[in-house]
Amino acid sequence: QLQLVESGGGLVQPGGSLRLSCAASGFTLEHYHITWFRQAPGKEREGVSCINESGGSFTYADSVKGRFTISRDNAKNTVYLQMSSLKSEDTAVYYCARAICTASRAYPLGAWGQGTQVTVSS
């Protein structure tokens, strides 16, 4: 069955880095745009970024611009989110989903996965 599995989260100190992975099964992500979004406790889901089939990307959250980079490796059927200079406010569960990317936001397609927890704390 179609599935996206997020991994790579964990506990990191402020200023540290993490790389999250979004691995696809049951479909070829090469044919889809993929979005990353996040949700912190008590907050609504926030779109982070999106990548299209040709590798073009969009960043939606102003707070992560210059710190987060989305990329894809079609041979591995995986999309990545490289996060650097992490701050406490980046603490959230991070999810990926199939989507349509636009300049202003991503439009998710289908169900989202379980996500991966990122905790930024000393």
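Everything below is about the structure shown above.
Note that the structure is predicted; figures quoted are calculated from it, not measured.

Trainee: What's the story with the sheet that holds strand β8 (residues 78–83) in this structure? I'm lost.
Mentor: Hydrogen bonding along the main chain pairs the strands of a sheet, whether they run parallel or antiparallel. Read from one edge of the open sheet, 4 strands run β1-β3-β8-β7, paired in antiparallel fashion. Each edge of the open sheet is held by one strand with a lone partner, namely β1 (3–7) and β7 (68–73). When the angles between neighbouring strand axes are averaged without regard to direction, this sheet yields 15°. Both β7 and β8 contribute to a ladder of 6 bridges, which runs antiparallel. Paired with T69 across the strands is Q82, a residue of β8.

Trainee: Would you explain the packing of aromatic side chains in this entry?
Mentor: Describing an aromatic ring pair means giving the distance of the ring centres and the angle of the ring planes. Tallying each qualifying case throughout the model produces 3 aromatic pairs. Considering the side-chain rings of F27 and Y32, the 5.4 Å spacing of their centres and the 90° angle between planes classify their relative orientation as edge-to-face. Classification of Y32 as partly exposed rests on a relative accessible area of 27%. One aromatic cluster is present, formed by F37, Y95 and W112 through successive ring pairs.

Trainee: Whenever I open this one, the nonpolar core confuses me. Can you help?
Mentor: A general tendency of soluble globular proteins is for nonpolar side chains to be buried together. Counting 26 residues, the largest nonpolar core has W36, F68, V79, L81, M83 and Y94 as the members making the most contacts within it. Sort the elements by how many residues they give to this core and strand β3 (residues 18–25) lands first, with 4 residues. Ignoring anything within four residues of it in the chain, the contact list for Y94 reads E6, L20, W36, F37, R38, V48, F68, L81, M83, G115, T116 and V118. Grouped together as the second largest cluster of nonpolar side chains are 5 residues, C50, A99, C101 and A106 included.

Trainee: Explain the pairing of β7 to me, please; I cannot follow it from the model alone.
Mentor: The two faces of a sheet get side chains in turn, since along a regular strand they alternate between them. What you see with β7 is a clean split: F68, I70 and R72 sit on the buried side and T69, S71 and D73 on the side with no burial. The hairpin formed by β7 and β8 contains 4 residues between the paired strands, and N77 there has a positive phi angle of roughly 55°.

Here is what the cut-offs are and how they apply
- Residues numbered from 1 in each chain as written.
- Predicted model: local features only at pLDDT ≥ 70, side-chain atom pairs only at ≥ 80, totals over all residues.
- Heavy atoms only, no water.
- Pairing = 2+ DSSP bridges.
- Helix = DSSP H or I, 4+ residues; strand = E, 2+ residues; numbered from the N terminus.
- Axes fitted to C-alpha atoms, helices over the stretch in contact; angles between N-to-C directions.
- Phe/Tyr/Trp six-rings, centres within 6.5 Å; stacked < 30°, edge-to-face > 60°.
- Buried < 20%, exposed > 50% of the residue type's maximum accessible area, 1.4 Å probe, protein only.
- Core = buried A, V, L, I, M, F, W, Y, C linked by side-chain atoms within 4.5 Å.
- Contact = heavy atoms within 4.5 Å.

Purely spatial values, then, with no claim about function.
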